[in-house]
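A structural walkthrough
Next come the chains, spelled out residue by residue.
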Amino acid sequence: MSDQNADAKPNILITGTPGAGKSYLCERLAEQLKFDWLDCSKIAKENDYIEEHDEEYDCPILDEERLMDHLEPLMQKGGNIVEYHGCDFFPERWFQAVFVVTCPNKTLYDRLKERNYNEKKLSSNIECEIFGTILEEARDSYKADIVHELCGESAADADKSLKTVKQWYRMWKRK
Ligand SMILES: Nc1ncnc2c1ncn2[C@@H]1O[C@H](COP(=O)(O)OP(=O)(O)OP(=O)(O)O)[C@@H](O)[C@H]1O
Ligand SMILES: [Mg+2]
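First, a word on scope: everything that follows refers to the structure included in this document. Residue indices follow the written sequence of each chain, beginning from 1 at its first position. Chain A is the first chain written and ligand 1 is the first ligand written, with later ones labelled in order. It should be noted that, the model being predicted, local features are given only for residues of pLDDT at least 70 and side-chain atom pairs only at 80 or more, the latter also being counted only at that level, while totals for whole chains, interfaces and linings use all residues.

**Some remarks on the pairing of strand E5 (residues 80–84)**
Test applied: Whether a residue is buried, exposed or partly exposed is read from the other C-beta atoms within 10 Å of its own C-beta, which are placed from the backbone; 20 or more gives buried, 12 or fewer gives exposed, and intermediate counts give partly exposed. Each helix is a run of DSSP H or I of at least 4 residues and each strand a run of E of at least 2, with the numbering of both proceeding from the N terminus. Following DSSP output, two strands are said to pair if at least two bridges run between them.
The buried fraction of E5 amounts to five of the five residues, a majority that puts the element mostly inside the structure. The two faces of E5 match: Asn 80, Val 82 and Tyr 84 on one face and Ile 81 and Glu 83 on the other face are all buried. In terms of strand pairing, strand E1 (residues 12–15) meets E5 through four bridges, oriented parallel. By the bridge assignment for E5, Ile 12 is matched with Ile 81.

Here it is in structure tokens:
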């Protein structure tokens, strides 16, 4: 990327189980780093990049191809923080860093309960966190040295995560 444009900013992926604290972190990160926050669930909803609705789990099934066509030109420009609760379908070349937000089960359970998730959706998301599914997905999809874990439980954790990502960005700029 830097061959084409020396001033180009990197693209950062923030992933993790629903409710783990991605948006909470992305909002602050985007503001502090002056990056654009691209919340894939929101973009998919606004543009109807939804193939169908999964009744059992009460969640939309994403039209990944159309979402990626939408994102491609934005990613070319750089300077994006992309948020999504999955990460294996994005082109690997898009991201210079991948941060997986994780959250202790008890806190996650309370957050999802507050969202009134049905029992099936609630337990599948808690299992996803217990088994470290997204962390594994990230490690399977990207080079191990660009995948980092962040805790999304408390405001103090978010402050720590902000520092970690800013530090990563400082190092990236020096390269
Ligand atoms: N670090 C944190 N400290 C305190 N509260 C938090 C933190 N992170 C998230 N929360 C709270 O937990 C709830 C869920 O967080 P958030 O919306 O960021 O999750 P998410 O990972 O973006 O979920 P989704 O996958 O559905 O987009 C929100 O009410 C948010 O305010
Ligand atoms: Mg979110």
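**What to know about the site of ligand 1**
Quick note on the threshold: Here, nearness means that the C-beta atom of a residue, built from backbone geometry, sits within 6 Å of the molecule or strand in question. In this count, Pro and Cys sit with the nonpolar residues alongside Ala, Val, Leu, Ile, Met, Phe, Trp and Tyr, while Asp, Glu, Lys and Arg are called charged and the others, Gly among them, polar.
Residues in close proximity to ligand 1 total 17 residues, the closest being Pro 18, Gly 21, Lys 22, Ser 23 and Tyr 24. Sorting the residues of the shell around ligand 1 by element identifies helix H1 (22–33) and helix H7 (155–174) as the ones contributing at least two each. Residue composition of the shell around ligand 1, grouped by class: five nonpolar, eight polar and four charged.

**So, the pairing of strand E4 (residues 59–62)**
Bridge analysis of strand E3 (residues 50–54) against E4 gives four bridges, and the strand direction is antiparallel. Each bridged residue has a counterpart across the sheet, and for Glu 52 the counterpart in E4 is Ile 61.

**Some points on helix H6 (residues 133–141)**
Condition: As used here, the arc belongs to the directions running from the helix axis to the C-beta atoms. Our contact criterion uses C-beta atoms placed from the backbone: two residues qualify when those atoms are within 7 Å.
Within H6, the full set of buried residues consists of Ile 134, Leu 135 and Ala 138. Axial view of H6: buried residues confined to an arc of 105 degrees, hence all on one face. Pointing more than 90 degrees away from the buried face of H6 are the exposed residues Glu 136 and Asp 140. Its buried side turned inward, H6 meets E1, strand E6 (97–102), helix H5 (119–130) and strand E7 (147–151).

**Regarding the packing of H1 against H7**
Test applied: Note on geometry: axes are lines fitted to C-alpha atoms, helical ones only across the stretch in contact, with angles between N-to-C directions running from 0 to 180 degrees. Small angles under 35 degrees read as roughly parallel and large ones over 145 as roughly antiparallel, with 65 to 115 read as roughly perpendicular and the rest as oblique. By convention, the crossing between two helices is left-handed when the near helix turns anticlockwise from the far helix through less than a right angle, and right-handed when the turn is clockwise.
As a packed pair, H1 and H7 sit with axes 10 Å apart at the nearest point and diverge in direction by 45 degrees. Judged by the angle between their axes, H1 and H7 are oblique. Both H1 and H7 take part in a crossing whose hand is right-handed. For the pair H1 and H7, the contacting residues are Tyr 24, Leu 25, Arg 28, Leu 29, Gln 32 and Leu 33 in the first and Ala 158, Ser 161, Leu 162, Val 165, Lys 166 and Tyr 169 in the second. The residue makeup of the contact of H1 with H7, split by class, is eight nonpolar, two polar and two charged.

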